Amino acid sequence: MYTRPRNDTSSIMGAYQANPPRPVNLEEWDDGVFGNISYQQSRPSSFHQPWPYRFQRGDRVWVRSTDYYWHLGTVSSSQPVAGRTMTGDGLFWRIDYDRNKRRWVAPLDGEVKPDTEHTRQLLKAEAREWVKCPI
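Note that the structure is predicted; figures quoted are calculated from it, not measured. (Residues numbered from 1 in each chain as written. Predicted model: local features only at pLDDT ≥ 70, side-chain atom pairs only at ≥ 80, totals over all residues. Heavy atoms only, no water.)

Q: What should I look at first to understand the side chain of K113 in this one?
A: With respect to the secondary-structure elements, K113 resides in strand β9 (residues 112-114). Within the buried core, K113 has no salt-bridge partner, and the shortest N-O distance to an opposite charge, that of E126, equals 8.7 Å. At 2.4 Å, the side chain of K113 and the backbone oxygen of Q49 are in polar contact. Ignoring anything within four residues of it in the chain, the contact list for K113 reads F47, H48, Q49, P50, Y53, F55, V61, W62, W70 and T119. (Helix = DSSP H or I, 4+ residues; strand = E, 2+ residues; numbered from the N terminus. Buried < 20%, exposed > 50% of the residue type's maximum accessible area, 1.4 Å probe, protein only. Lys, Arg positive; Asp, Glu negative; His and termini not counted. Salt bridge = Lys/Arg side-chain N within 4 Å of Asp/Glu carboxyl O. Polar contact = N/O pair within 3.5 Å; in protein donor to acceptor, adjacent residues only side chain to side chain. Contact = heavy atoms within 4.5 Å.)

This is how it looks when you write it as structure tokens:
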């Protein structure tokens, strides 16, 4: 029986292409279609809709944990990293939540939302049973 050497990155599904997170300069970052000012000024119509937010360190956010519950958290990174999202390349922000948990999440994956009145209204209407803290 033939087995491939461990350093061979191809598989029967095609070549494996690693996409490690990489530092990004926000002044040079291109949001693509999400950078359009009319898109940025509108608001999501669904709580699970991906949206291209730009956060600042210390911003309060809603973050979806790996168990699919939504938690109130805080942006703990001043600089995001770039990586592959479900819609292409996007920004990932480090979020602290539940006192001792930390996660890198991307707005374009729909896993993090700013803590605004609009976001809270969507959360109450669509995802109340998945919230781990008072809204």
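Picking up after the structure, the text goes on.
Q: How do you make sense of the side chain of D109 when you look at a structure like this?
A: Within the secondary structure layout, D109 lies in the loop between β8 (101-105) and β9. We note that D109 is buried and unpaired, the nearest opposite charge coming from R103 at a distance of 7.4 Å. When residues no more than four places from it in sequence are discounted, the contact partners of D109 are P50, R64, T85, M86 and F92.

Q: Sorry, what's going on with the pattern of salt bridges here?
A: Oppositely charged side chains can pair when the atoms bearing their charge come close. Scanning the model with the defined rule gives 7 salt bridges in all. Among the ionic pairs, R60 bridges to D115, the shortest N-O distance being 3.6 Å. With R60 in strand β4 (residues 60-64) and D115 in the loop between β9 and α2 (117-126), this residue pair connects regions lying 55 residues apart in the sequence. Classification of R60 by relative accessible area gives partly exposed; the value is 46%. Across the salt bridge formed by R103 and E111, the nearest N and O atoms sit 3.1 Å from each other.

Q: I tried to follow the pairing of β4 on my own but got confused; where do I start?
A: In terms of burial, β4 is a largely internal element, 4 of the 5 residues being buried. Where β4 folds back on strand β5 (residues 70-75), the antiparallel hairpin that results is connected by 5 residues, among which Y68 adopts a positive phi of roughly 75°. Two strands pair when backbone bridges link them, and β4 and β9 are joined in this way by 3 bridges, in the antiparallel orientation. The residue bridging V61 from the neighbouring strand is P114, located in β9. (Pairing = 2+ DSSP bridges.)

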